[in-house]
Each structure stands twice: as C-alpha cells, then as structure tokens.
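Remarks on the overall topology
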Amino acid sequence: MPETGINVIDLPTYTENEILERVAAGDERAFRHLFDHYQPRIYSFARYLTRSEALSEDIVQEVFMKIWIAREELRGVEYFNAYLRTIARNVAANYLKRVAHERVITRKILAATPPSTSTTEEEVLANDFQRVLDEAIASL
C-alpha cells in the first residue's frame, strides 16, 4: 500500500460494524480503511452507470465525502453495502441529470446562435469559446 501519511492500524481484524463505529467517532484511519476497501466497488458501479472515468472518480469522491460529513449516522446502519450503494446510485443519478441538463443548455445556445458568414477570426473565436465551454462542462 502506498504511503498516505496516515498510520494505518490493523483494521481488518475489526468487524464492519466496529469499523463503522470508529468512523462515526471520527477515526480517520478507520475511514481510510473503509475507503480503500469500498472504493473499487463504488468506482466500478459508477463506471457502469456513467460510462465515464472522470465522472466515476468524481462520484467516488462525493460518495465518501457524504459519508464522512454524515459519519455519525453510520452507527445506525445495519447493511453498509446497501447503504453505500444507495448513496452511490443517488450521486450518480444527480451527476447524470446535471450532464443531461448541460447538454440541453448547450444545444439551445447553439440553436439560438444565428448562422453567419464568418470570417477566419470569428471562426477562431467560436472554436475558442466552444473549447472553453467544453472544458467548463467537463470540470463540473
């Protein structure tokens, strides 16, 4: 395992409920163990839903950020795998809705732009604008 700057304790000897309890109490090492254990599953699930590496990585980060922020709720979770999958599904759905919405807006903007007899300079500016727009959308 690569060095993360966190002293990883031997958490595999703990039950999942004990690890969740430790995370709920704010134990960052236990959270790291949880992340390392479940990250590949969440990434694969997100990749299946989105067909995008970048979106899948973003989804993984958001899922685990949500878990850390609401870590106190982990004390009441009986089936963590189902809990985690539900969060991942909801986060992925929100990402897909946002991407679809952005595409609709982009199409409307392009449709509202009147065709012109553009000069080379206008074409360069239009291409630059489209590139910046694409980058902005991709970074969301």
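As the structure is a computational prediction, the values presented were derived from the model and not from experiment.

So, how was this worked out
- Residues numbered from 1 in each chain as written.
- Predicted model: local features only at pLDDT ≥ 70, side-chain atom pairs only at ≥ 80, totals over all residues.
- Heavy atoms only, no water.
- Phe/Tyr/Trp six-rings, centres within 6.5 Å; stacked < 30°, edge-to-face > 60°.
- Helix = DSSP H or I, 4+ residues; strand = E, 2+ residues; numbered from the N terminus.
- Buried < 20%, exposed > 50% of the residue type's maximum accessible area, 1.4 Å probe, protein only.
- Lys NZ or Arg CZ within 6 Å of the ring centre and 35° of its normal.

The next thing to look at is the packing of aromatic side chains. All told, the structure shown has five aromatic pairs when counted by the stated rule. Residues phenylalanine 35 and phenylalanine 64 carry aromatic rings whose centres are separated by 4.8 Å and whose planes lie at 70° to one another, so their mutual orientation is edge-to-face. Residue phenylalanine 35 is found in helix 2 (residues 28–50), and its partner phenylalanine 64 is found in helix 3 (residues 53–69); the two are separated by 29 residues along the sequence. The class for phenylalanine 64 is buried, based on a relative accessible area of 2%. Relative to phenylalanine 80, the ring of tyrosine 38 has its centre 5.1 Å away and its plane inclined at 70°; by these criteria the two rings are edge-to-face. In this pair, tyrosine 38 sits in helix 2 while phenylalanine 80 sits in helix 4 (residues 80–112), placing the two residues 42 residues apart along the sequence. Residue tyrosine 38 shares its accessibility class with phenylalanine 80, and that shared class is buried. One aromatic cluster is present, built from ring pairs that chain together Phe31, Phe35, Phe64 and Trp68. Here the basic side chain of arginine 98 rests over the ring of tyrosine 95, its NZ or CZ set 4.7 Å away from the ring centre.

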